[in-house]
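# Secondary and tertiary structure notes
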Amino acid sequence: MERREALSAIIDLRSDTVTRPTPAMRAAMAAAEVGDDVYGEDPTVNLLERRAAELFGREAALFVPTGTMGNQIAIRLHTQPGQEVIAEARAHILDWEMASTAVFSGCLIRAVPAEGGILTWKHIEPVIQPWGSFRAATGLIEIENTANLAGGTCTGVEVLEEIWNGARGRKLPTHLDGARIFNAAVALGVGVRALTHGFDTVMFCLSKGLGAPVGSLLVGSAELMKRARIFRKALGGGMRQAGLLAAAGLVALEEGPKRLHEDHANARLLAEALAHMEGVAIDLDAVETNIVIFRLAAGSGAPALAARLKGRGVLTNAVGADAIRLVTHRDVGRKDCIDAAEALTEEIEAQMKTASLP
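Residues numbered from 1 in each chain as written. Predicted model: local features only at pLDDT ≥ 70, side-chain atom pairs only at ≥ 80, totals over all residues. Heavy atoms only, no water.

Scanning the entire structure with this criterion turns up 18 salt bridges. Here Arg 180 and Asp 16 are joined by a salt bridge, their closest N and O atoms 2.8 Å apart. You can see Arg 180 sitting in the loop between strand S6 (174-177) and helix H8 (181-188) and its partner Asp 16 sitting in the loop between strand S1 (11-12) and helix H1 (23-31), a full 164 residues away along the chain. For Arg 180, a relative accessible area of 4% gives the class buried. Among the ionic pairs, Asp 36 bridges to Arg 240, the shortest N-O distance being 3.2 Å. Note that Asp 36 is positioned in the loop between H1 and helix H2 (43-56) and Arg 240 in the loop between helix H10 (222-234) and helix H11 (243-255), a separation of 204 residues in sequence. The network of salt bridges with shared partners includes Arg 308, Arg 312, Glu 346 and Glu 347. (Salt bridge = Lys/Arg side-chain N within 4 Å of Asp/Glu carboxyl O. Helix = DSSP H or I, 4+ residues; strand = E, 2+ residues; numbered from the N terminus. Buried < 20%, exposed > 50% of the residue type's maximum accessible area, 1.4 Å probe, protein only.)

Spelled out as structure tokens, the structure:
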């Protein structure tokens, strides 16, 4: 098969963080009423925080620049230095947050492998360590929903209920990295309040599937969020006239969830196309939301394939020697995904032919 020329427009499937603000977001940002948020006086930030708390059925919320900051504030809230945080072995807090759990909270992460990235109480209970033993005590249980590097898989309410009940029985707090919790809610057909009500704190991103240019929120009790403001300041997260960003976040929070099913359908299109390709391994059952991870049967070549696709105008991320991650979002439409699937087919075939040459 002959290689086609580069596409006329870039198709960016690296992440759902790459979206541009919509016209409605830009208009809201331009018109935003602002104040100094470090003093708690930015009315648009305050409105966003009230709206987030209301959606999740919590007393309060805190606007933060990034999901990483939200997660790390939560870990600091719940732990003491020298403790462990139980998390799945591919968790974002372990692989993508620059060892901040150790640096900021003085804690280690107890990484627990789980099929499909779904931690259950059966995984968690055996690794809980009590106070007074010869090992670091468990301070926190952390769950990621959806599970990013497991391919966007969802943890359902029944599994979570068992974790919440077990954690309460052991007097352990729980935190949710819900960067894409709205994707999970859409895929499972459950509201975010029902899907998160048992966690002590929840972080969710405005700047991933919901499409805002920047920002995340941490929700919990009023007392926890009061303390969280102190840790946000310690991490350099006091943003002053942040209403400009919060205005876009309000639009994202109201409009973003309504169209996530489109991203999920586009991810399924890509996954099904990949499933028919020779030399590709993919678990279709794991493609529940807007993330597709596939492996090259050769066991290597993912960075080279990503480079070939970039030359065609399709941007992807290699997430290992043999694995590629694709993420669908608002700025990638159905036609884009069809074109990307064609490019993937051609470049995978071309790479396999090259590899087979003597």
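Our next topic: the environment of Ala 24. Summarising the element assignment, Ala 24 is placed in helix H1. Looking at Ala 24, the relative accessible area reads 46%, which means it is partly exposed. Once the C-alpha coordinates of Ala 24 and Leu 305 are considered, the two residues, 281 residues apart in sequence, prove to be 37 Å apart.

If you trace the 4 strands from one edge of the open sheet to the other, you get S9-S10-S13-S12, paired in antiparallel fashion. In the strand order of this sheet, the two ends are held by strand S9 (280-281) and strand S12 (317-318), each with one partner. Relative to strand S13 (residues 323-327), strand S10 (residues 291-296) is paired through 5 bridges, and the arrangement is antiparallel. Of the residues in S13, the one forming a bridge with Arg 295 is Ala 323. Strands S9, S10 and S13 of the sheet are contacted by helix H12 (residues 260-275), whose axis makes an angle of about 15° with S10. Running at roughly 40° to S13, helix H13 (residues 302-311) makes contact with S10, S12 and S13 of the sheet. (Pairing = 2+ DSSP bridges. Contact = heavy atoms within 4.5 Å. Axes fitted to C-alpha atoms, helices over the stretch in contact; angles between N-to-C directions.)

Turning our attention to the sheet that holds strand S5 (residues 138-144). Judged by pairing direction, the sheet is mixed, and its 7 strands sit side by side in the order S2-S8-S7-S6-S5-S3-S4 without closing on themselves. Because the sheet does not close on itself, it has two edges, and the strands there are strand S2 (60-64) and strand S4 (108-112). Strand-to-strand twist in this sheet, taken as the mean axis angle between neighbours without regard to direction, amounts to 20°. Pairing geometry for S2 and strand S8 (residues 216-220), over 5 bridges, is antiparallel. By the bridge assignment, Val 64 is partnered in S8 with Ser 216. Docked against the sheet, H10 engages S2, strand S7 (201-205) and S8, running at close to 20° with respect to S2.

A few words now on H12. Compared with an ideal rise of 1.5 Å per residue, which puts 16 residues at 22 Å, H12 spans 23 Å between its outermost C-alpha atoms and is within 8% of the ideal. Turning to H12, its buried residues number three or more, namely Leu 260, Asp 263, His 264, Asn 266, Ala 267, Leu 269, Leu 270, Ala 271 and Leu 274. (Expected span 1.5 Å × (residues − 1).)

Looking at soluble globular proteins, one finds that nonpolar side chains tend to be buried together. Counting residues in each nonpolar core, the largest one holds 46 residues, and the members touching the most others are Ile 124, Ile 141, Ile 143, Ile 181, Phe 182, Phe 204 and Leu 206. The greatest single-element share of this core, amounting to 6 residues, is contributed by H11. When neighbours within four sequence positions are excluded, Ile 124 is seen to be in contact with Ile 86, Leu 119, Ile 141, Ile 143 and Ile 163. Residues Met 277, Leu 305, Ala 343 and Leu 344 belong to the second largest nonpolar core, which totals 27 residues. (Core = buried A, V, L, I, M, F, W, Y, C linked by side-chain atoms within 4.5 Å.)

Turning next to the packing of helix H3 (residues 67-78) against H10. Axis separation between H3 and H10 bottoms out at 10 Å; the angle between their running directions is 120°. The two elements H3 and H10 cross, and the hand of that crossing is right-handed. Every residue of H10 that contacts H3 at Met 69, Ile 73, Arg 76, Leu 77 and His 78 is listed here: Leu 224, Met 225, Arg 227, Ala 228, Phe 231 and Arg 232. Partitioned by chemical class, the residues of the contact of H3 with H10 number 7 nonpolar, 1 polar and 3 charged. (Left-handed = near helix turned anticlockwise from the far one by under 90°. Nonpolar A, V, L, I, M, F, W, Y, C, P; charged D, E, K, R; others polar.)

Structurally, Glu 142 is set in strand S5. The side chain of Glu 142 is buried and forms no salt bridge, while Lys 208, the nearest opposite charge, is found at 11 Å. Not counting residues within four places of it along the chain, the set of residues in contact with Glu 142 comprises Val 85, Ile 86, Ala 87, Ala 91, Ile 93, Leu 119, His 175 and Asp 177. (Lys, Arg positive; Asp, Glu negative; His and termini not counted.)

So, on to unusual backbone geometry. In this structure, the amide linkage connecting Asn 145 to the following residue, Thr 146, adopts the cis form with an omega of 5°. Structurally, Thr 146 is set in the loop between S5 and helix H7 (157-169). The backbone of Ala 99 sits at a positive phi, close to 55°, despite the residue not being glycine. Its location among the elements puts Ala 99 in the loop between helix H4 (92-95) and helix H5 (100-105). The backbone phi angle of Arg 240 is positive, close to 55°, even though this residue is not glycine.

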